[in-house]
Amino acid sequence: MDVFFEIHDDIPRGGPGSIESTRRAFLTMTDLPKQPIILDVGCGPGMQTLDLASLTKGKIMAVDTHQPFLDRLNGTVDQQNLSERVTVLNNDMFSLNFDPETFDVIWAEGSIYIMGFEEALRAWKPMLRKSGYLAATHITWLRPDPPDDLRSYWAKEYPLIKDIEANLEIVRQCGYKLIAHFDLPESDWWDHYYTPIQQKLPALKEKYKSNVDALAVVQMEETEIEMYRKYASYYGYVFYVMQVD
Ligand SMILES: C[S@@+](CC[C@H](N)C(=O)[O-])C[C@H]1O[C@@H](n2cnc3c(N)ncnc32)[C@H](O)[C@@H]1O
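So, how was this worked out
Residues numbered from 1 in each chain as written. Predicted model: local features only at pLDDT ≥ 70, side-chain atom pairs only at ≥ 80, totals over all residues. Heavy atoms only, no water. Helix = DSSP H or I, 4+ residues; strand = E, 2+ residues; numbered from the N terminus. Rg over C-alpha atoms; globule rule 2.2 N^0.38 Å. Buried < 20%, exposed > 50% of the residue type's maximum accessible area, 1.4 Å probe, protein only. Contact = heavy atoms within 4.5 Å. Areas by Shrake-Rupley, 256 points an atom, 1.4 Å probe, with all protein chains shown as cover. Lys, Arg positive; Asp, Glu negative; His and termini not counted. Charge placed at Lys NZ, Arg CZ, Asp CG, Glu CD. Patch = residues over 30% accessible without salt bridge, like charges linked within 9 Å, V, L, I, M, F, W, Y side chains within 5 Å. Salt bridge = Lys/Arg side-chain N within 4 Å of Asp/Glu carboxyl O. Near = heavy atom within 4 Å. Polar contact = N/O pair within 3.5 Å; in protein donor to acceptor, adjacent residues only side chain to side chain. Nonpolar A, V, L, I, M, F, W, Y, C, P; charged D, E, K, R; others polar. Phe/Tyr/Trp six-rings, centres within 6.5 Å; stacked < 30°, edge-to-face > 60°. Lys NZ or Arg CZ within 6 Å of the ring centre and 35° of its normal. Pairing = 2+ DSSP bridges. Arc of directions from axis to C-beta.

K.L.:
Would you mind going over the overall build of the chain with me for this structure?
P.N.:
A tally of regular secondary structure across the chain gives ten helices and eight strands. Rg of the C-alpha trace for the chain: 18 Å, near the compact-globule value of 18 Å for 245 residues, within the 12% margin. In terms of overall dimensions, the chain has C-alpha extents of about 55 × 45 × 30 Å along its principal axes. Put simply, the chain has 245 residues, and 51% of those count as buried. Contacts spanning at least 24 positions in sequence make up 76% of the contacts within the chain whose residues lie at least 6 apart. Accessible surface, the chain: about 11,800 Å² in total, of which carbon and sulfur atoms supply 50%. On the chain, the mean spot of the 24 positive side-chain charges and the mean spot of the 37 negative ones are 4 Å from each other.

K.L.:
Mind showing me how you'd approach a nonpolar patch on the surface here?
P.N.:
Side chains of F94, Y113 and I114 sit close together on the surface and give an oily, nonpolar patch of about 290 Å² of accessible area. Relative to the assigned elements, Y113 resides in helix α5 (residues 112-115).

K.L.:
Just checking my understanding: could you explain the site of the ligand for this structure?
P.N.:
Around the ligand sit 18 residues, and of these G14, G42, D64, M93 and E109 come closest. Here a nitrogen atom of the ligand and a backbone polar atom of G42 are 2.8 Å apart. When the ligand is considered free in solution it has 600 Å² of accessible area, and contact with the protein chains removes 87% of it. Taken together, the residues of the shell around the ligand sort by class into five nonpolar, nine polar and four charged.

K.L.:
Would you mind showing me how to read the packing of aromatic side chains here?
P.N.:
The geometry of an aromatic ring pair is captured by two quantities: the separation of the ring centres and the angle between the planes. Using the criterion set out here, one finds 19 aromatic pairs in the structure. Geometrically, the ring pair formed by F182 and F239 is tilted, given 5.5 Å between the ring centres and 35° between the ring planes. Linking F182 in strand β7 (residues 176-183) with F239 in strand β8 (residues 235-244), this pair joins segments that are 57 residues apart in sequence. In this pair, the class of F182 matches that of F239, namely buried. For the ring pair W189 and Y194, a centre distance of 5.7 Å and an interplane angle of 50° mean the geometry is tilted. The same class applies to W189 and to Y194, which are both buried. The rings of Y153, W154, W189, W190, Y193, Y194, Y228, Y235 and Y237 are connected pair by pair, giving a single aromatic cluster. Across from the ring centre of Y176, 5.7 Å away, lies the NZ or CZ of K125, which sits over that ring. Over the face of the ring belonging to Y234 we find R143, whose NZ or CZ atom lies 4.1 Å from the ring centre.

K.L.:
Which parts of the structure should I look at to understand the pairing of β8?
P.N.:
Side chains on a regular strand alternate between the two faces of the sheet. Counted residue by residue, β8 has ten buried out of ten residues, so it is predominantly covered. Judged from the nine bridges that link them, strand β5 (residues 128-141) and β8 form a sheet pairing that is antiparallel. Counterpart to T137 in the pairing with β8 is F239. Where β7 lies against β8, seven bridges are found, and the strand directions are antiparallel. When the bridges of β8 are listed, A180 appears paired with V241.

K.L.:
What's the story with helix α2 (residues 19-26) in this structure? I'm lost.
P.N.:
For an α-helix, 3.6 residues make a turn, and residues three or four places apart therefore share a direction. Burial in α2 covers these residues: S21, T22, A25 and F26. Down the axis of α2, the buried side of the element spans an arc of 135°, and every buried residue falls inside it.

K.L.:
I'm lost on the pattern of salt bridges in this one. Help?
P.N.:
Opposite charge on two side chains lets them pair, provided their charged atoms get close. Evaluation of the coordinates by the stated rule reveals 13 salt bridges. R129 is the salt-bridge partner of D104, the closest N and O atoms lying 3.2 Å from each other. One end of the pair, D104, is in strand β4 (residues 103-108); the other, R129, is in strand β5, with 25 residues separating them in the sequence. Note on D104: relative accessible area 8%, which makes it buried. A single salt-bridge network, built from bridges that share partners, covers E165, E169 and R172.

That is the geometry; function is a separate question.
Right, dumping it as C-alpha cells:
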C-alpha cells in the first residue's frame with residue numbers, strides 16, 4: 001500500500017478530471033444561491049475543490065480520509081487565502097455526520113464508486129437542501145460490447161460498473177431529476193492523472209526490483225493504464241449532475 005501512495009501522493013489529481021469538466025458540470029446548476037454551501041466528498045489533493053472555489057463565492061467543506069492529501073490541500077488553501085471559504089476535514093464518506101439539509105451541493109469527483117453510486121445517492125440525499133444538487137463522476141460503460149479481457153478486468157476491479165441508462169435509472173429511483181450528463185474527454189484521464197503516474201513508474205520499478213509486493217502495485221498501475229489506452233472507447237467517467245426532485 002505504501003508504494004500506492006508513493007505513486008499517488010504528489011500527482012495533481014486522485015483520478016481523471018479537469019477544470020473544464022468541473023466548470024461544465026458546475027454551470028449546469030442554474031438554481032443556486034449566490035453563496036452556496038458545498039460538500040466535496042473524497043476531495044483527494046483537492047484540484048476540483050480549488051476549481052469550485054474559483055467558480056463560486058460560496059463555502060466548501062472538503063472531506064477525505066487520506067491525511068497527506070488533506071495536509072497538501074490545507075497548505076494550498078492557506079497559500080491562496082481561502083481558509084474563510086474552504087474547510088478541510090478528515091471525514092469518512094460512509095459516516096458523514098452533518099445535519100439534514102446542510103448543503104446546496106454535494107460534489108464527488110472520482111470518489112462515489114467507493115461507496116457505490118446508488119448507496120451514496122440514497123445516503124447523502126438527506127444532507128441536501130430542498131432542490132439541492134448532487135454532481136458526481138462515475139465509471140461507466142460507454143459501449144455495450146466490451147471485449148472479454150476488458151469485461152473480466154472490470155468484473156474484478158468494479159463489478160458494479162453499469163451503462164449510462166442504468167445509472168440514470170438509479171438517479172430517478174433515488175428521487176433526483178437529471179440535470180445533465182456528459183463523458184469526460186480522454187485528456188481528463190491523461191493530463192493530470194495517467195501521464196504523471198506513468199512518468200513515475202520506471203524509477204519505482206528499479207527502486208523495488210527485489211520487492212515482489214511493491215512490484216505488484218506498479219504492475220497494477222501499468223495494467224490499468226494499458227487497459228485505458230486500448231479500450232478508452234468502451235468505458236469512461238461520466239459526469240452526472242442531478243437535483244433533488
Ligand atoms: C479517485 S480519488 C479522487 C480524488 C479527487 N476527488 C480527484 O478527483 O482528484 C478518491 C478519493 O477518495 C478518498 N477516499 C477513499 N475512501 C474514503 C472514505 N471512506 N471517505 C472519504 N474519502 C475516501 C481517497 O483518499 C481519495 O482521495
